Amino acid sequence: DVKVTQSSRYLVKRTGEKVFLECVQDMDHENMFWYRQDPGLGLRLIYFSYDVKMKEKGDIPEGYSVSREKKERFSLILESASTNQTSMYLCASSPGTANEKLFFGSGTQLSVL
Amino acid sequence: EDQVTQSPEALRLQEGESSSLNCSYTVSGLRGLFWYRQDPGKGPEFLFTLYSAGEEKEKERLKATLTKKESFLHITAPKPEDSATYLCAVGVTGGSYIPTFGRGTSLIVHP
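Sequence order as written defines the numbering, with residues in each chain counted from 1. Labels are handed out in written order, letters beginning with A for the chains and numbers beginning with 1 for the ligands. The predicted origin of the model limits local features to residues at a pLDDT of at least 70 and limits the giving and counting of side-chain atom pairs to 80 or more, whereas totals for whole chains, interfaces and linings rest on all residues. With hydrogens and water set aside, each side-chain value is computed from the structure's full complement of heavy atoms.

**Let's talk about the overall build of chain A**
Each helix and strand in chain A was counted, giving zero helices and eleven strands. Going residue by residue from the N terminus, the α and β elements of chain A occur as β-β-β-β-β-β-β-β-β-β-β. With the radius of gyration taken over C-alpha atoms, the globule rule is written as 2.2 Å times the number of residues to the power 0.38. Relative to the 2.2 N^0.38 estimate, which gives 13 Å for 113 residues, the radius of gyration of chain A is 13 Å and therefore close to what a compact globule would have. Projecting the C-alpha coordinates of chain A onto the three principal axes gives extents of approximately 40 × 25 × 25 Å. For the purposes of this entry, the term helix denotes a DSSP run of H or I that reaches at least four residues, the term strand denotes a run of E that reaches at least two, and both are numbered from the N terminus.

**Notes on the pattern of salt bridges**
Here a salt bridge means any side-chain nitrogen of Lys or Arg lying within 4 Å of a carboxyl oxygen belonging to Asp or Glu. Per the counting criterion, the structure on display carries ten salt bridges over all chains. Asp-39 of chain B is paired through a salt bridge with Arg-37 of chain B; the nearest N and O atoms lie 2.9 Å apart. Buried means the residue's accessible area, taken with a 1.4 Å probe over protein chains only, is under 20% of the maximum for its type, while exposed means over 50%, and partly exposed covers the values in between. Exposure remark for Arg-37 of chain B: the relative accessible area of 18% places this residue in the buried category. In the salt-bridge network here, residues are joined through shared partners; they are Asp-28, Glu-30 and Lys-71 of chain A.

**Some points on the environment of Met-27 of chain A**
Residue and element names in this part refer to chain A. Along the chain, Met-27 falls in the loop between strand E3 (19-25) and strand E4 (31-38). Looking at Met-27, the relative accessible area reads 41%, which means it is partly exposed. For the pair formed by Met-27 and Arg-73, sequence separation is 46 residues and the distance between their alpha carbons is 11 Å.

**Section: the state of the cysteines**
Residue and element names in this part refer to chain B. Only a pair of cysteine sulfur atoms within 2.5 Å counts as a disulfide in this structure description. Applying the stated criterion across every chain, the model contains two disulfides over all chains. Each sulfur of the disulfide joining Cys-23 and Cys-88 lies 1.9 Å from the other. The disulfide joining Cys-23 to Cys-88 has a torsion of about -60 degrees about its S-S bond and is therefore left-handed. One end of the pair, Cys-23, is in strand E3 (residues 19-26); the other, Cys-88, is in strand E9 (residues 84-92), with 65 residues separating them in the sequence.

**Brief notes about the packing of aromatic side chains**
Classification of ring pairs uses Phe, Tyr and Trp, with its six-membered ring standing for Trp, and accepts pairs whose centres are within 6.5 Å; under 30 degrees between planes counts as stacked, over 60 as edge-to-face, and the remaining range as tilted. Enumeration according to the criterion identifies ten aromatic pairs over all chains in this entry. Measuring from centroid to centroid gives 5.7 Å for Tyr-35 of chain A and Phe-101 of chain B, while their planes differ by 80 degrees, and the two rings are edge-to-face. In this pair, Tyr-35 of chain A is assigned in strand E4 and Phe-101 of chain B in strand E10 (residues 100-101), connecting two distinct chains. When the ring of Tyr-36 of chain B is compared with that of Phe-101 of chain B, the centres are 5.6 Å apart and the planes differ by 40 degrees; the resulting orientation is tilted. Here the residue Tyr-36 of chain B occupies a position in strand E4 (residues 30-38), and Phe-101 of chain B occupies one in strand E10, the gap between them amounting to 65 residues. Among the residues examined, Phe-101 of chain B registers a relative accessible area of 12% and is labelled buried. Here, a charge over a ring is recorded when the distance from Lys NZ or Arg CZ to the ring centre is within 6 Å and its angle to the ring normal is within 35 degrees. Over the ring of Tyr-10 of chain A we find Arg-9 of chain A, and its NZ or CZ is 5.3 Å from the ring centre.

**Considering unusual backbone geometry**
Look at the link from Ser-7 of chain B to Pro-8 of chain B: it is a cis peptide, with omega at -10 degrees. Checked against the element boundaries, Pro-8 of chain B lands in the loop between strand E1 (3-7) and strand E2 (10-14). Within the chain, Lys-53 of chain A stands out as a residue other than glycine whose phi angle is a positive 65 degrees. Tracing the backbone through its elements, the reader meets Lys-53 of chain A in the loop between strand E5 (42-51) and strand E6 (54-57). Owing to a relative accessible area of 59%, Lys-53 of chain A belongs among the exposed residues under this scheme. For Glu-60 of chain B, which is not a glycine, the phi torsion comes out positive at approximately 55 degrees.

**Some thoughts on the interface of chain B and chain A**
Any pair of residues with heavy atoms lying within 4.5 Å of one another is described as a contacting pair. Taken together, the 19 residues of chain B in the interface contact 24 residues of chain A. Using a 1.4 Å probe, buried area is obtained as the accessible area two parts lose upon being combined, added over both of them. Roughly 1800 Å² is buried in total at the junction of chain B and chain A, and carbon and sulfur atoms are behind 60% of that figure. Inspection of the region where chain B meets chain A yields zero salt bridges. Among the elements of the structure, E4 and E9 of chain B are those that each provide at least two residues to the side of chain B that touches chain A. In terms of residues, the side of chain B that touches chain A owes the most to one element, E4 of chain B, which gives four residues.

By themselves, these are just geometric observations and shouldn't be taken as functional.
Encoded structure:
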């Protein structure tokens, strides 16, 4: 079975801190995604990567950056955490064919105080 | 612009009370429609993919159907363990790797 592992289930950070969220997948998938999920707003795409060192902005990239130095690892970086970035963050991966189903990690609940 | 709308936003059922969740979509060209289940505090889990109108997929008490404008997730004789948020997503033609998600339906099944 495909496994997508997010490094932390819960994270508490202070305003202004630089925050790293890590995601690793074990099925050699080309595509990796970072979403945030908030009540009433559904899943919103932050960034997408279709290959190593390749990335595309999603719907809400402001305040975030990403890094994909290796195929299996996709990192989300909050350059200077703010309280409005308190949210559930979900990483996902999919094979290299268009529009295949996504495999999600368990999520990281981030609280910024 | 591709759009996916799920209804209702929330649904409460008694155990054994069958019902349906709706996912309507407006896309330039449908490549696939996906249903996911999400338990509280966890990531979504894949349930079904439907590719063409008239197609149906079943898994235990769940059956997904697809028309040219919408998909239904039918839940027959639900149990409390079916309580979850159900998400619908569409993939479109044109080579995009990014599916469009609906906001989900939160289902609670009371014993």
